[in-house]
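Here are the chains, one letter per residue:
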Amino acid sequence: QVQLVESGGGLVQAGDSLRLSCAASGRTSSRYTMGWFRQAPGKEREFVAGIGWSGGDTYYANSAKGRFTVSRDNAKNTLYLQMNSLKPPEDTAVYYCAATLRLGILTREYEYNYWGQGTQVTVSS
């Protein structure tokens, strides 16, 4: 089992940047594929970005391409999401990190076994 805790959310203005972190604890010796998802009010949770265990392979939702960068530091057991040029209201959401032992390009909720509690990001215009 692995436990995930997100941090770094907050209230920002349109065009600002924000970096989210996700700290993993527990069975961190396993090689997890990790991802970021988000859920806006009244909407379903959606995939944002994913990264393989080595960090060499990353993939993004169309809404995140060119603005968001996912990375990880395995020595620190931490996942990051750098978000630039934030847009209201589309980027306003609770952001979740997730982990799985599956391999590949994983963009569906059911493909991930472990989830954090989420961190709120609010982008004002």
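Now for a quick tour of the structure. Just so it is clear, the model here is predicted, and its values are computed rather than measured.

1. Describing the sheet that holds strand β3 (residues 18-26)
Pairing between the strands of a sheet comes from backbone hydrogen bonds, and it takes one of two forms, parallel or antiparallel. If you walk across this open sheet you meet the four strands as β1-β3-β8-β7, and the pairing is antiparallel. This sheet does not close on itself; its edge strands, each paired only once, are β1 (2-7) and β7 (68-73). Here the strands of the sheet are splayed against their neighbours by 15° on average, with no regard to which way each runs.

2. Some points on the packing of aromatic side chains
Applying the stated rule across the entire model yields six aromatic pairs. Three or more aromatic residues joined by ring pairs make a cluster, and in this case those are F37, F47, Y59, Y112 and W115. Over the aromatic face of W115 sits the side chain of R45, whose NZ or CZ is 4.0 Å from the ring centroid.

3. Side note on the state of the cysteines
Summed over the entire model, instances satisfying the criterion amount to one disulfide. Across the disulfide, C22 is cross-linked to C97 (sulfur-sulfur distance 2.0 Å). Handedness here is read from the sign of the S-S torsion; for C22 and C97, about 50°, the answer is right-handed. Highlighted residues: C22 in strand β3 and C97 in strand β9 (residues 93-100), separated in sequence by 75 residues. As far as burial versus exposure is concerned, C22 and C97 are alike and both buried.

4. Quick notes on the side chain of T78
Following the sequence through the fold, T78 ends up in strand β8 (residues 78-83). With a relative accessible area of 14%, T78 lands in the buried category. Polar side-chain contacts of T78 include one of 2.9 Å to the backbone oxygen of K76. Excluding its chain neighbours within four sequence positions, the residues that come into contact with T78 are S21, C22, A23, R72 and D73.

5. Comments concerning the pairing of strand β4 (residues 33-39)
In terms of burial, β4 is largely enclosed, as six of its seven residues are buried. As paired strands, β4 and β9 are joined by seven bridges and run antiparallel to one another. Paired with F37 across the strands is Y96, a residue of β9. In terms of strand pairing, β4 meets strand β5 (residues 46-51) through five bridges, oriented antiparallel. Within β5, the residue paired with F37 across the bridge is F47.

Criteria and cut-off values
Residue positions are given per chain, counting from 1 as you read along its sequence in written order. Reporting of local features is limited, given that this is a predicted model, to residues whose pLDDT is at least 70; pairs of side-chain atoms are given and counted only at 80 or more, and all residues count toward the totals for whole chains, interfaces and linings. Water and hydrogen atoms play no part in the side-chain values, which are based on all heavy atoms of the structure. Only strands that DSSP links by at least two bridges are regarded as paired with each other. Note on conventions: DSSP H or I runs of at least 4 residues are helices, E runs of at least 2 residues are strands, and numbering of each starts at the N terminus. Angles run from 0 to 180 degrees between N-to-C directions of axes, and those axes are lines fitted to C-alpha atoms, restricted for helices to the stretch in contact. Pairing of aromatic rings covers Phe, Tyr and Trp, the last through its six-membered ring, and needs centres within 6.5 Å; plane angles under 30 degrees mean stacked, over 60 mean edge-to-face, and all others mean tilted. Geometrically, a lysine NZ or arginine CZ counts as sitting over a ring once it is within 6 Å of the ring centre and also within 35 degrees of the ring normal. Note on disulfides: each one is a pair of cysteine sulfur atoms within 2.5 Å. Accessible area is worked out with a 1.4 Å probe on protein chains only. A residue is then buried under 20% of its type maximum, exposed over 50%, and partly exposed in between. Under this definition, polar contacts are N or O atom pairs within 3.5 Å; protein pairs additionally need one hydrogen-donor-capable and one acceptor-capable atom, and for neighbouring residues in sequence, both atoms have to be side-chain atoms. Only heavy atoms enter the contact rule, under which two residues are in contact if any of them lie within 4.5 Å.

All we've got here are geometric facts, nothing functional implied.
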